[in-house]
Amino acid sequence: MSKLRFVLLMLIILAAAWTDQIIPRNTPTSLAPLRTELAAMMAQFESTPLDISATRIAELNELAVWTADELADHGTASLTFICTHNSRRSHLAQLWTSAAAAHFGIEGVQAFSGGTEATAFNVRTVAALRRAGFTLAEEVGGANPVYRVRWSDEGDGALCFSKRYTDPVNPAEGFAAVMTCSDADRGCPLVLGSAARFALPYLDPKASDGTPAEAATYDERTREIGREMHYLMGRVAERLASR
């Protein structure tokens, strides 16, 4: 092996080790009490009818059945939310799923997110999550920063950054692939390693970027996804209780 190739190989190994050290795989959702603002949001979701199509309700119910059965049979259920850039909707779905699982006291839910390509966790999404009651602290800067996101004042929360769904921090097999945008659903007909696939596309708040409606649009999408993930985890809790 040439000296140059040896040096390049060592750099790759060191980079992989460094990545694993600062960005470990997220653990199952902590069941510590939600932050006050998020608990209030959950109460709002419970008092607001879920006004969506019968087709969408059916897809959420099927995902709930899959999740509950995985939890009952294996003790954990991994859900990877996938969008094209892993910058907006997929992160929102991942984090609201974790918060909703904690709200309903469901142990073993593992929520992840990824894209068909990596970009950055969009700063407008970060701001919307903060307005909703999550805390986000930037742990690693740069073009694709890493945020520590918490939905409780206790526990480690989750480390979030933009990544491909095949990134080593995500599960490689046995997970439910939940497509949160139509582009990713069409452009990724086969999700490697997935045990099941579900389609829950959302409108992209990116359309409002740079307009007076920007913050309101991101807040609307944040609440919409939060309400649906609240519904999802509620159905999971009901199915587990009925077994």
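Engineer: What should I look at first to understand the overall build of the chain in this one?
Structural biologist: Within the chain, the secondary structure is distributed over seven helices and seven strands. Ordering the α and β elements of the chain from the N terminus gives α-α-α-β-α-β-α-β-β-β-β-α-β-α. By residue count, 46% of the 243 residues in the chain fall in the buried class. In the chain, once contacts between residues fewer than 6 apart in sequence are set aside, the share between residues at least 24 apart is 70%. Looking at the chain as shown, the accessible area adds up to about 11500 Å², and 54% of this sits on carbon and sulfur atoms.

Engineer: Sorry, what's going on with the sheet that holds strand β6 (residues 175–179) here?
Structural biologist: Each strand in a sheet pairs with its neighbour through backbone hydrogen bonds, running either in the same direction (parallel) or in the opposite one (antiparallel). Taken in spatial order, the four strands make up an open sheet running β2-β1-β6-β7, and their pairing is parallel. With partners counted over all chains shown, the strands left at the sheet margins are β2 (109–115) and β7 (194–199), one partner each. The average undirected angle you get between the axes of adjacent strands in this sheet is 25°. Note: strand β1 (residues 77–83) against β6, four bridges, orientation parallel. Bridging across to β6, L79 finds its partner in A176.

Engineer: Looking at this structure, I do not really get the packing of aromatic side chains. What am I missing?
Structural biologist: Given two aromatic rings, their pairing is described by the distance between the two centres and the angle made by the two planes. Scanning all chains against the criterion turns up three aromatic pairs. The interplanar angle of 85° and the centroid separation of 5.1 Å between the aromatic rings of W96 and F134 together place this pair among those described as edge-to-face. Of this pair, W96 sits in helix α4 (residues 89–103) while F134 sits in the loop between α5 (123–132) and β3 (135–140); the two residues are 38 residues apart in sequence, bridging distant segments of the chain. With a centroid separation of 5.5 Å and an interplanar angle of 80°, the aromatic rings of F121 and Y147 are classed as edge-to-face. One end of the pair, F121, is in the loop between β2 and α5; the other, Y147, is in strand β4 (residues 146–150), and 26 residues separate them in sequence. Take F121: its relative accessible area is 1%, and that puts it in the buried class. The side chain of R56 reaches across the aromatic face of Y202, ending 4.5 Å from its centre. Against the face of Y231 rests R235, its NZ or CZ located 4.5 Å from the ring centre.

Engineer: Any chance you could explain the sheet that holds strand β5 (residues 158–160) here in plain terms?
Structural biologist: Taken together, three strands build an open sheet; the order of strands is β3-β4-β5 and the sheet is antiparallel. Two strands bound the open sheet, and with one partner strand each, they are β3 and β5. The average angle at which neighbouring strand axes cross in this sheet is 30°, direction not considered. Pairing analysis gives five bridges linking β3 to β4, with the strands arranged antiparallel. Bridged to T135 within β4 is R150.

Engineer: Would you explain the confidence of the model for the chain in this entry?
Structural biologist: Should the pLDDT be low somewhere, the predicted coordinates at that spot are not to be read in detail. Averaged over all residues, the pLDDT of the chain is 89; the fraction at 70 or higher stands at 85%. No element of the chain has a lower mean pLDDT than helix α1 (residues 3–22), which averages 42, and none a higher one than α5, which averages 98.

Engineer: In this structure, what is going on with the pattern of salt bridges? I would like to understand it.
Structural biologist: Opposite charge on two side chains allows them to pair when their charged atoms are near. Applying the stated criterion across every chain, the model contains 14 salt bridges. Between D153 and R35 there is a salt bridge, with the nearest N and O atoms lying 3.0 Å from each other. With D153 in the loop between β4 and β5 and R35 in the loop between α1 and α2 (36–47), this pair connects stretches of sequence that are 118 residues apart. Overlapping salt bridges bring together D69, D73, R239 and R243 as one network.

What counts as what
Residues numbered from 1 in each chain as written. Predicted model: local features only at pLDDT ≥ 70, side-chain atom pairs only at ≥ 80, totals over all residues. Heavy atoms only, no water. Helix = DSSP H or I, 4+ residues; strand = E, 2+ residues; numbered from the N terminus. Buried < 20%, exposed > 50% of the residue type's maximum accessible area, 1.4 Å probe, protein only. Contact = heavy atoms within 4.5 Å. Areas by Shrake-Rupley, 256 points an atom, 1.4 Å probe, with all protein chains shown as cover. Pairing = 2+ DSSP bridges. Axes fitted to C-alpha atoms, helices over the stretch in contact; angles between N-to-C directions. Phe/Tyr/Trp six-rings, centres within 6.5 Å; stacked < 30°, edge-to-face > 60°. Lys NZ or Arg CZ within 6 Å of the ring centre and 35° of its normal. pLDDT = per-residue confidence, 0-100. Salt bridge = Lys/Arg side-chain N within 4 Å of Asp/Glu carboxyl O.

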